[in-house]
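Commentary on secondary and tertiary structure
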Amino acid sequence: MPADTVISIRDLVKSFDGRAVLSGVNLDVVRGETMVIMGGSGSGKSTLLRLIIGSFPPDRGRIELFGTDVVTAGRETLDGLRRRFGILFQSGALFNSMTLAENVALPIHEHTDLDREIIDIQVKIKLELVGLLDAADKYPSQISGGMKKRAGLARALALDPEILFYDEPSAGLDPVTSAQIDRLIVDMTQKLGVTSVVVTHEMDSAFTIADRMAMFDRGRMLAVETRDWYDRLRKSPEDEAERMSIDERLIRQFLRGDAEGPITQRRDQGALAKALLVDEAVISTPSIVPTRG
Ligand SMILES: Nc1ncnc2c1ncn2[C@@H]1O[C@H](COP(=O)(O)OP(=O)(O)OP(=O)(O)O)[C@@H](O)[C@H]1O
Ligand SMILES: [Mg+2]
């Protein structure tokens with residue numbers, strides 16, 4: 001694994017209940033870059049994040065964080081690794097019985113022996129970074145969705161992580177708040193030099209923050225390329241698209257949000273196949289087999 005690679009994933013396979021959710025994923029993330037993970041609902045994006053952070057093991061494949069194999073790591077090694085990354089979950093996941101300041105302080109209390117005063121200063125710095133210093137003593141129920149996301153980010157930053165994972169950071173936010181979150185993600189990279197892995201559906205957001213983008217479809221990674229590559233694909237004219245591979249046309253449809261293209265074609269064909277199977281089942285049910293006198 002090259003020195004500046006912080007995440008390395010090889011031949012990653014994961015199934016739930018016998019259904020493949022990730023099938024043979026390869027991906028490297030380089031220090032300091034923002035990698036955006038895209039794909040339809042259920043394509044395996046959150047599962048990928050949870051595998052990387054060691055929430056559960058894959059069926060097959062290798063995941064290395066800072067050169068350490070996550071899959072075979074013992075508890076102590078994993079705890080050490082966990083101090084080096086922060087996670088902003090899809091829901092924000094704050095503790096409702098604690099103020100924002102207490103939420104941010106929690107991981108510092110858990111992972112360090114620092115004095116109270118030092119922790120207080122750390123907490124203030126993190127809340128200031130996300131523009132929430134004034135709301136330090138508020139409870140999660142007293143603040144808006146966008147503020148919860150920012151508070152979640154402050155908590156993810158508590159231990160000065162080298163990598164930040166974001167799962168849908170702008171889902172459910174208004175466009176302006178969503179743009180503010182994008183700004184914060186870019187700031188974290190530029191000011192603190194953190195590496196970011198961001199799962200998002202929001203195309204504006206993806207193109208604002210990404211250095212590189214990885215597109216997932218039904219557990220398969222179709223392409224990992226630069227933002228410019230994706231931008232060219234997004235803007236390519238129809239006649240050019242006709243000469244593209246099926247994967248490229250699929251990505252193009254996703255990026256443009258077109259109603260017609262390989263994604264919807266496949267869905268329609270799937271529905272048809274299902275309908276035909278049902279018909280077949282109906283045809284072969286004994287009840288409609290002609291009875292003989
Ligand atoms: N713990 C689990 N047990 C069983 N099935 C699971 C589990 N976690 C995820 N899945 C299934 O794996 C598939 C991929 O889920 P995942 O949450 O990774 O998708 P996603 O790409 O993050 O989707 P979304 O954009 O909707 O968040 C889904 O079909 C989901 O139902
Ligand atoms: Mg998800």
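Going by the structure above, here's the rest.
Figured I'd write up the structure that's included with this text. (Residues numbered from 1 in each chain as written. Chains lettered and ligands numbered in written order. Predicted model: local features only at pLDDT ≥ 70, side-chain atom pairs only at ≥ 80, totals over all residues. Heavy atoms only, no water.)

Here we take up the site of ligand 1. In the vicinity of ligand 1, 15 residues are found, and the nearest of them are Arg19, Ser41, Gly42, Lys45 and Thr47. Within the backbone of Gly44, an N or O atom sits 3.0 Å from an oxygen atom of ligand 1. Side-chain polar atom of Thr47 to an oxygen atom of ligand 1: 2.5 Å apart, as the coordinates give it. When isolated, ligand 1 has an accessible area of 640 Å², and the protein chains bury 66% of it. Contributions of two or more residues to the shell around ligand 1 are made by strand 2 (19–30) and helix 1 (45–52). Looking at the shell around ligand 1, the element that brings in the most residues is helix 1, giving four residues. Class assignment of the residues belonging to the shell around ligand 1 gives a composition of two nonpolar, nine polar and four charged. (Near = heavy atom within 4 Å. Polar contact = N/O pair within 3.5 Å; in protein donor to acceptor, adjacent residues only side chain to side chain. Areas by Shrake-Rupley, 256 points an atom, 1.4 Å probe, with all protein chains shown as cover. Helix = DSSP H or I, 4+ residues; strand = E, 2+ residues; numbered from the N terminus. Nonpolar A, V, L, I, M, F, W, Y, C, P; charged D, E, K, R; others polar.)

As a further point, take helix 6 (residues 175–192). Given a rise of 1.5 Å per residue, 18 residues ought to cover 26 Å, and the 25 Å separating the end C-alpha atoms of helix 6 matches this to within 8%. Within helix 6 the residues assigned to the buried category are Thr177, Ser178, Ile181, Asp182, Leu184, Ile185, Val186, Asp187, Met188 and Thr189. Looking at the buried residues of helix 6, the elements they touch are strand 3 (34–39), helix 4 (116–129), helix 5 (145–156), strand 7 (163–167), strand 8 (195–199) and helix 7 (203–209). Of the residues that open helix 6, the one with a side-chain oxygen 2.9 Å from the backbone nitrogen of Val176 is Asp174. Residue Gly193 follows helix 6 closely and has a positive phi angle near 70 degrees. (Expected span 1.5 Å × (residues − 1). Buried < 20%, exposed > 50% of the residue type's maximum accessible area, 1.4 Å probe, protein only. Contact = heavy atoms within 4.5 Å.)

This brings us to the side chain of Thr195. When you line up the elements, Thr195 lands in strand 8. Classification of Thr195 as buried rests on a relative accessible area of 0%. When neighbours within four sequence positions are excluded, Thr195 is seen to be in contact with Val6, Val29, Val30, Arg31, Gly32, Glu33, Glu162, Ile163 and Leu164.

With respect to the helices and strands, Leu27 occurs in strand 2. Judged by its relative accessible area of 4%, Leu27 falls in the buried class. Each C-alpha atom, one on Leu27 and one on Asp11, is 9.0 Å from the other, the two residues being 16 residues apart in sequence. When sequence neighbours within four positions are dropped, the list of residues in contact with Leu27 reads Ile7, Ser8, Ile9, Arg10, Met35, Ile37, Leu48, Ala214, Met221 and Val224.

The subject of this paragraph is the layout of surface pockets. In this structure, the largest pocket encloses a volume near 450 Å³. In terms of lining residues, the largest pocket is bounded by 18 residues, among which Arg82, Phe85, Ile87, Pro107 and His111 are the most central. For the lining of the largest pocket, the elements supplying multiple residues, two or more each, are strand 6 (85–88), helix 3 (100–111) and helix 5. With four residues, helix 3 is the single largest residue contributor to the lining of the largest pocket. Classifying every residue of the lining of the largest pocket by side-chain character gives eleven nonpolar, three polar and four charged. Of the pockets and cavities examined, the second largest pocket occupies roughly 370 Å³. Along the walls of the second largest pocket sit 20 residues, with Gly40, Asp217, Ile263, Arg266 and Arg267 positioned nearest its centre. Those elements giving two or more residues to the lining of the second largest pocket turn out to be strand 9 (212–217), helix 10 (246–256) and helix 11 (262–284). In terms of residue count, helix 11 provides more of the lining of the second largest pocket than any other element does, seven residues in total. (1 Å grid on protein atoms, 1.4 Å probe; cavity = no way out; pocket = protein on both sides within 12 Å on 5 of 7 lines; lining within 4 Å. Points joined across faces, edges and corners; volume = space filled by probe spheres on them.)

With antiparallel pairing, four strands are arranged side by side in an open sheet as 2-1-4-5. Across the chains shown, the open sheet's two edge strands, defined by having one partner strand only, are strand 2 and strand 5 (68–69). Contacts from helix 1 reach strand 1 (5–16), strand 2 and strand 4 (60–65) within the one sheet, and its direction differs from that of strand 1 by about 120 degrees. (Pairing = 2+ DSSP bridges. Axes fitted to C-alpha atoms, helices over the stretch in contact; angles between N-to-C directions.)

For the rest of this paragraph, the subject is the packing of helix 3 against helix 5. With their axes 8 Å apart at the nearest point, helix 3 and helix 5 run at an angle of 30 degrees to one another. The angle between the axes of helix 3 and helix 5 places the two elements in the roughly parallel class. Note that helix 3 runs across helix 5; the crossing there is right-handed. Two secondary-structure elements touch here, helix 3 through Leu100, Asn103, Val104 and Pro107 and helix 5 through Ala151, Ala154 and Arg155. When its residues are assigned to classes, the contact of helix 3 with helix 5 shows five nonpolar, one polar and one charged. (Parallel < 35°, antiparallel > 145°, perpendicular 65-115°, else oblique. Left-handed = near helix turned anticlockwise from the far one by under 90°.)

The full count for this structure, using the stated rule, is three aromatic pairs. Considering the side-chain rings of Phe16 and Phe56, the 5.8 Å spacing of their centres and the 80 degrees angle between planes classify their relative orientation as edge-to-face. Linking Phe16 in strand 1 with Phe56 in the loop between helix 1 and strand 4, this pair joins segments that are 40 residues apart in sequence. Relative accessible area serves as the criterion here: at 35%, Phe16 is assigned to the partly exposed category. Between Trp229 and Tyr230, the ring centres sit 5.0 Å apart and the planes meet at 80 degrees, which makes this aromatic pair edge-to-face. (Phe/Tyr/Trp six-rings, centres within 6.5 Å; stacked < 30°, edge-to-face > 60°.)

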